[in-house]
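One letter stands for each residue in the lines below.
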Amino acid sequence: MGTSRRKRDAETTEVKHIVVDTSIDEFRVVASIKPRSLLDQVQLHPPQSDSENCLDENMLVKRSSSDDTVIIEVTSGFCPCTGKWSLSLPSNYDTFSYTIKSSGEFLVDFEAYFIDEVSETQVANYAPCLGKKEYLVIKLNQGEKVDKSSLKVKLVGVAGNKVLWEQDITDKAITSYPVTFVIEMDLPLSIGTSGFRLMLEGKLVDGVEFERTTKEYFYPTESCARVVAVDNFYALFPRRKTFIELEVSNNGQVDETFTVICGNSANYDVRLGPYKISPPRGARRADNTLHTNPVVLRKGERARITVGISAPAVLTNGKTNTVTCTTSTSLSNFVDVVRLTEMNKELR
């Protein structure tokens with residue numbers, strides 16, 4: 001899956017591999033190539049490793065085309081033709097892109113997202129921060145069909161032809177949820193902000209290899225805002241303040257302006273404290289405190305700001321108050337949500 005662009009050279013053949021496993025009943029390849037005159041040379045070839053199930057009488061292959069796009073649909077008969085299918089094309093194209101969509105009654109697939117911390121209050125995040133510790137969550141939908149000792153996750157570029165990061169995840173499963181894996185990682189700044197997808201590779205319990213790629217694209221950000229602490233056990237108590245601590249950071253190459261605005265679903269009083277600014281790691285400058293909002297952070301600087309929510313004298317026991325903080329920069333908006341539980345007894 002991906003997109004490529006190149007100058008036209010002498011014609012040779014380029015091959016893309018598509019891994020088909022026993023949980024795939026049918027799949028569709030949509031490929032676009034320019035110039036259009038090369039369209040008929042884009043061909044899909046079955047693997048040689050599964051000759052019995054790759055016979056013509058066991059497969060229905062349909063091909064259609066329009067403009068510069070060809071659609072190839074493959075439907076299996078009794079058993080899927082498994083292994084590495086090959087998508088061949090002439091290499092003297094201007095642009096080429098292709099996508100794959102698989103389906104099956106018991107199709108093995110996965111869900112992926114990032115979270116800030118491993119806790120009951122975790123919030124899914126699809127815009128991870130560069131240069132920050134993040135937790136990648138992988139959830140299998142058909143875990144009993146997968147050999148979990150074979151799993152590997154990769155970050156691949158938007159074009160799909162460059163692996164940015166990879167790791168075995170065999171020992172990352174959560175004990176109480178064996179189909180869920182949590183991987184702690186630091187996204188290197190070298191990945192950049194152009195985006196990536198996640199690819200999961202491994203084997204099914206029948207020994208057949210499988211490969212899946214997320215439909216979602218993840219776009220990392222250089223600027224970042226994260227909740228780093230919540231006091232009072234994520235609760236609100238009568239006539240007390242509960243404090244939430246946010247950290248904003250500028251991992252980009254230029255100065256950036258940050259504006260933080262917070263509110264809550266019960267409309268209780270919310271106050272923002274000053275920004276406590278820390279210099280880039282390794283720098284010899286002292287910390288600084290600014291009583292302004294917005295605030296400008298220089299390259300590599302980070303700042304912490306305390307958000308205080310004042311509870312009234314009367315609260316509804318067990319009621320949830322949702323606190324939402326939006327951090328705005330010149331390029332992004334970050335939304336952090338914290339759910340606080342009201343308690344009708346005072347904290348002692």
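Above this text you will find the structure in question.
Here is a short report on the structure shown in this document. (Residues numbered from 1 in each chain as written. Predicted model: local features only at pLDDT ≥ 70, side-chain atom pairs only at ≥ 80, totals over all residues. Heavy atoms only, no water.)

### Some remarks on the overall build of the protein chain
Then, in step 1: In terms of helices and strands, the protein chain carries 0 helices and 26 strands.
Then, in step 2: Taken over C-alpha atoms, the radius of gyration comes to 26 Å for the protein chain, far larger than the 20 Å a tight globule of 348 residues would show.
Then, in step 3: Its C-alpha atoms give the protein chain principal-axis dimensions of roughly 75 × 45 × 35 Å.
Then, in step 4: Burial analysis of the protein chain (348 residues in total) assigns 44% to the buried set.
Then, in step 5: Taking as baseline every contact in the protein chain between residues at least 6 positions apart, the subset at least 24 positions apart corresponds to 71%.
Then, in step 6: Carbon and sulfur atoms provide 48% of the accessible area of the protein chain, an area that totals close to 18500 Å². (Helix = DSSP H or I, 4+ residues; strand = E, 2+ residues; numbered from the N terminus. Rg over C-alpha atoms; globule rule 2.2 N^0.38 Å. Buried < 20%, exposed > 50% of the residue type's maximum accessible area, 1.4 Å probe, protein only. Contact = heavy atoms within 4.5 Å. Areas by Shrake-Rupley, 256 points an atom, 1.4 Å probe, with all protein chains shown as cover.)

### Quick word on the packing of aromatic side chains
Then, in step 1: Counted under the stated rule, the structure contains 8 aromatic pairs.
Then, in step 2: Aromatic pair Phe 114 and Phe 218: ring centres 5.6 Å apart, planes at 80°, arrangement edge-to-face. Pair noted here: Phe 114 is in strand β9 (residues 110-115) and Phe 218 is in the loop between β16 (209-213) and β17 (223-230), with a separation of 104 residues, a long-range link.
Then, in step 3: Owing to a relative accessible area of 0%, Phe 218 belongs among the buried residues under this scheme.
Then, in step 4: With a centroid separation of 5.6 Å and 15° between ring planes, the pair formed by Phe 196 and Phe 218 is classed as stacked. Here Phe 218 lies in the loop between β16 and β17 and Phe 196 lies in strand β15 (residues 196-204), a separation of 22 residues in the sequence. (Phe/Tyr/Trp six-rings, centres within 6.5 Å; stacked < 30°, edge-to-face > 60°.)

### Topic: the sheet that holds strand β2 (residues 13-20)
Then, in step 1: Pairing within the open sheet is antiparallel, and its 3 strands lie in the order β2-β7-β4. Sheet topology places β2 and β4 (43-45) at the edges, where each strand pairs with a single neighbour. The average undirected angle you get between the axes of adjacent strands in this sheet is 25°. (Pairing = 2+ DSSP bridges. Axes fitted to C-alpha atoms, helices over the stretch in contact; angles between N-to-C directions.)

### Comments concerning the state of the cysteines
Then, in step 1: Applying the stated criterion across every chain, the model contains 3 disulfides.
Then, in step 2: Disulfide pairing places Cys 129 opposite Cys 224 at an S-S distance of 2.0 Å. When the S-S torsion is 80°, as for the bridge of Cys 129 with Cys 224, the disulfide is right-handed. Taken together, the residues span a long stretch of sequence, with Cys 129 in the loop between β9 and β10 (133-140) and Cys 224 in strand β17 at a distance of 95 residues.
Then, in step 3: On the basis of relative accessible area, Cys 129 is assigned to the buried category, the value being 0%.
Then, in step 4: The buried category is assigned to Cys 224, whose relative accessible area is 1%.
Then, in step 5: Put simply, Cys 262 and Cys 325 are joined by a disulfide, and their sulfur atoms are 2.1 Å apart. (Disulfide = S-S within 2.5 Å.)

### Remarks on the pairing of β10
Then, in step 1: Extensive coverage of β10 is indicated by the burial of 6 of its 8 residues.
Then, in step 2: Sheet analysis places β9 next to β10, joined by 6 bridges and oriented antiparallel. Bridge assignment links Glu 111 to a residue of β10, and that residue is Lys 139.
Then, in step 3: Of the strand pairs in this sheet, β10 and strand β14 (residues 177-186) are connected by 7 bridges, and their pairing is antiparallel. Each bridged residue has a counterpart across the sheet, and for Lys 139 the counterpart in β14 is Thr 180.

### Some remarks on the nonpolar core
Then, in step 1: Ile 244, Leu 246, Tyr 275, Val 307 and Ile 309 are the most contacted members of the largest nonpolar core, which totals 27 residues.
Then, in step 2: Those elements that provide at least two residues to this core are β17, β19 (241-250), β20 (256-264), β21 (269-278), β23 (295-297), β24 (302-310), β25 (320-328) and β26 (333-342).
Then, in step 3: Element by element, the count of residues in this core is highest for β24, at 4 residues.
Then, in step 4: Those residues in contact with Ile 309 that lie beyond four places of it in its chain are Leu 236, Arg 240, Lys 241, Thr 242, Ile 244, Tyr 268, Asp 269, Val 270, Val 323 and Leu 340. (Core = buried A, V, L, I, M, F, W, Y, C linked by side-chain atoms within 4.5 Å.)

### Thoughts on the sheet that holds strand β11 (residues 146-157)
Then, in step 1: As summarised here, the arrangement of the 4 strands in space is β12-β11-β15-β16, forming an open sheet in which the pairing is antiparallel. At either margin of the open sheet sits one strand with a lone partner, and together these are β12 (163-168) and β16. Adjacent strand axes in the sheet meet at a mean angle of 20°, parallel and antiparallel pairs treated alike.
Then, in step 2: Looking at chain direction, β11 and β15 are connected through 8 bridges and run antiparallel. For Leu 155, the partnering residue across the bridge sits in β15 and is Leu 198.

### Remarks on the pattern of salt bridges
Then, in step 1: Inspection of the entire model under this criterion finds 13 salt bridges.
Then, in step 2: With a closest N to O distance of 3.6 Å, Glu 245 and Arg 304 form a salt bridge. Linking Glu 245 in strand β19 with Arg 304 in strand β24, this pair joins segments that are 59 residues apart in sequence.
Then, in step 3: A residue is classified by how much of its surface remains accessible, and Glu 245, at 24% relative accessible area, is partly exposed. (Salt bridge = Lys/Arg side-chain N within 4 Å of Asp/Glu carboxyl O.)

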